Amino acid sequence: MEGHNSEIKRINFTAFRAIDDREACINFMDGHRRVLEIFGITQITSAKADWILNPDVYVMLVTDGDTGKAVGGGRIHRANRINRLPIEDAVGYMDEKIYQMVDDYTDGGTGEVAGVWNSFEVAGLGVGSNHLSTACVAYAQFMNLKTLFGLAAPATYRNVVRGGFEPVKELGNNGKFYYPKDDMTATVMFNHDIVNLPLALEPEKTNILTMRNDMIQTKTVMSKIGTEVTLVFDLSRI
């Protein structure tokens, strides 16, 4: 298992269209696969590689600012009635209502935050997942999206709720499904308004709105091990 690396001092969050940067997408996939393998997860819809060729997928790649190594990331998929969202493939065979739900919101601009992962190096600092989720929601508006789906594991559920998402209780067992393995659960989440974020909590709401007004920004935060970490966000590539 990878160890925590307290030497990371600078973390870059960079957004781009998947079809515009094949090499960065491969780095994203390699890092995501390594993390999934640590947990014994080999079959997960958001880890499939076909999204690299989808013009409606955008990537938020998290890298070590000094080495360039991919240490985390997430993707935003725009629903297009051609390529299913990962969440449709993940739970549709268990509850087909997800297909109609996605279709109902597609014309208004909907999508999904999917494939979110953090390496153990970043997880050990305690600064990655919340900022990653926030950056993805901020960037989604630049994709002309108004609503967002997500599939939250128990460990990420709290951060997803803080970003303004609610469980979709009409699906599964109050939104919960056994996924990606029979001994694991995930909850289908939905954000009804990513523009105004009426359900988002602070400071996440302010952080999202600030990122939209200042697409390139730097902030310094304190890690949970007591070190300063500089976070650099670049959401300027639309």
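Residues numbered from 1 in each chain as written. Predicted model: local features only at pLDDT ≥ 70, side-chain atom pairs only at ≥ 80, totals over all residues. Heavy atoms only, no water.

1. Regarding the overall build of the chain
A tally of regular secondary structure across the chain gives 7 helices and 10 strands. Per-residue burial for the chain yields a buried fraction of 50% across its 238 residues. The long-range share in the chain, meaning contacts at least 24 apart out of those at least 6 apart in sequence, stands at 71%. Here the chain has roughly 11,200 Å² of accessible surface; of this, 49% comes from carbon and sulfur atoms. The distance from the centre of the 24 positive side-chain charges to the centre of the 30 negative ones in the chain is 2 Å. (Helix = DSSP H or I, 4+ residues; strand = E, 2+ residues; numbered from the N terminus. Buried < 20%, exposed > 50% of the residue type's maximum accessible area, 1.4 Å probe, protein only. Contact = heavy atoms within 4.5 Å. Areas by Shrake-Rupley, 256 points an atom, 1.4 Å probe, with all protein chains shown as cover. Lys, Arg positive; Asp, Glu negative; His and termini not counted. Charge placed at Lys NZ, Arg CZ, Asp CG, Glu CD.)

2. Some words on the packing of helix α5 (residues 129-140) against helix α7 (residues 204-213)
Relative to each other, α5 and α7 sit at 50°, their axes nearing to 9 Å. For the element pair α5 / α7, the angle class is oblique. Handedness of the crossing formed by α5 with α7: right-handed. Across the interface between the two elements, Asn130, Thr134, Ala135, Val137 and Ala138 from α5 touch Glu204, Asn207, Ile208, Met211 and Arg212 from α7. The residue makeup of the contact of α5 with α7, split by class, is 5 nonpolar, 3 polar and 2 charged. (Axes fitted to C-alpha atoms, helices over the stretch in contact; angles between N-to-C directions. Parallel < 35°, antiparallel > 145°, perpendicular 65-115°, else oblique. Left-handed = near helix turned anticlockwise from the far one by under 90°. Nonpolar A, V, L, I, M, F, W, Y, C, P; charged D, E, K, R; others polar.)

3. Things to note about the pairing of strand β3 (residues 70-78)
A large share of β3 lies buried, amounting to 8 of its 9 residues. Bridge count for strand β2 (residues 57-64) against β3 is 7 bridges, and the pairing is antiparallel. Each residue of the ladder has a partner; that of Met60, found in β3, is Gly74. Bridge count between β3 and strand β4 (residues 110-118): 6 bridges; the pairing is antiparallel. Note on β4: the bridge partner recorded for Arg75 is Ala114. (Pairing = 2+ DSSP bridges.)

4. Observations concerning the pattern of salt bridges
As enumerated under the stated definition, the model contains 8 salt bridges in all. Arg81 is the partner of Asp103 in a salt bridge, and the nearest nitrogen-oxygen pair spans 2.6 Å. Of this pair, Asp103 sits in helix α3 (residues 97-106) while Arg81 sits in the loop between β3 and α2 (86-91), and the two are 22 residues apart along the sequence. A residue is classified by how much of its surface remains accessible, and Asp103, at 31% relative accessible area, is partly exposed. Taking relative accessible area as the criterion, Arg81 reaches 48% and is therefore assigned partly exposed. One salt-bridge network, held together by shared partners, links Arg81, Asp103 and Asp107. (Salt bridge = Lys/Arg side-chain N within 4 Å of Asp/Glu carboxyl O.)

5. A look at α5
Every α-helix winds through 3.6 residues per turn, so residues three or four apart in the chain are directed the same way. With 12 residues, α5 should cover 16 Å at 1.5 Å per step; its first-to-last C-alpha distance of 17 Å lies within 8% of that length. By the criterion of burial, α5 is predominantly enclosed, with 9 of the 12 residues buried. Buried within α5 are the following residues: His131, Leu132, Thr134, Ala135, Cys136, Val137, Ala138, Tyr139 and Ala140. (Expected span 1.5 Å × (residues − 1).)

6. A few points about the pairing of strand β9 (residues 216-222)
Strand direction decides the pairing type here: β9 and strand β10 (residues 228-234), joined by 7 bridges, are antiparallel. Looking at β10, one finds that Val221 is bridged to Val229. The loop that links β9 with its antiparallel partner β10 comprises 5 residues; one of these, Gly226, has a positive phi angle of about 90°.

7. Some thoughts on the nonpolar core
Grouped together as the largest cluster of nonpolar side chains are 37 residues, with contacts concentrated most on Ile11, Phe13, Met60, Ile76, Tyr139 and Leu148. Listing elements by their share of this core, those giving two or more residues are β1 (10-17), β2, β3, α5, β5 (147-152), α7 and β10. With 7 residues, the top contributor of residues to this core is α5. Apart from the residues lying within four places of it in its own chain, the contact partners of Tyr139 are Ala15, Phe16, Tyr58, Met60, Ile76, Leu235, Arg237 and Ile238. (Core = buried A, V, L, I, M, F, W, Y, C linked by side-chain atoms within 4.5 Å.)

So yeah, pure geometry; function would need other evidence.
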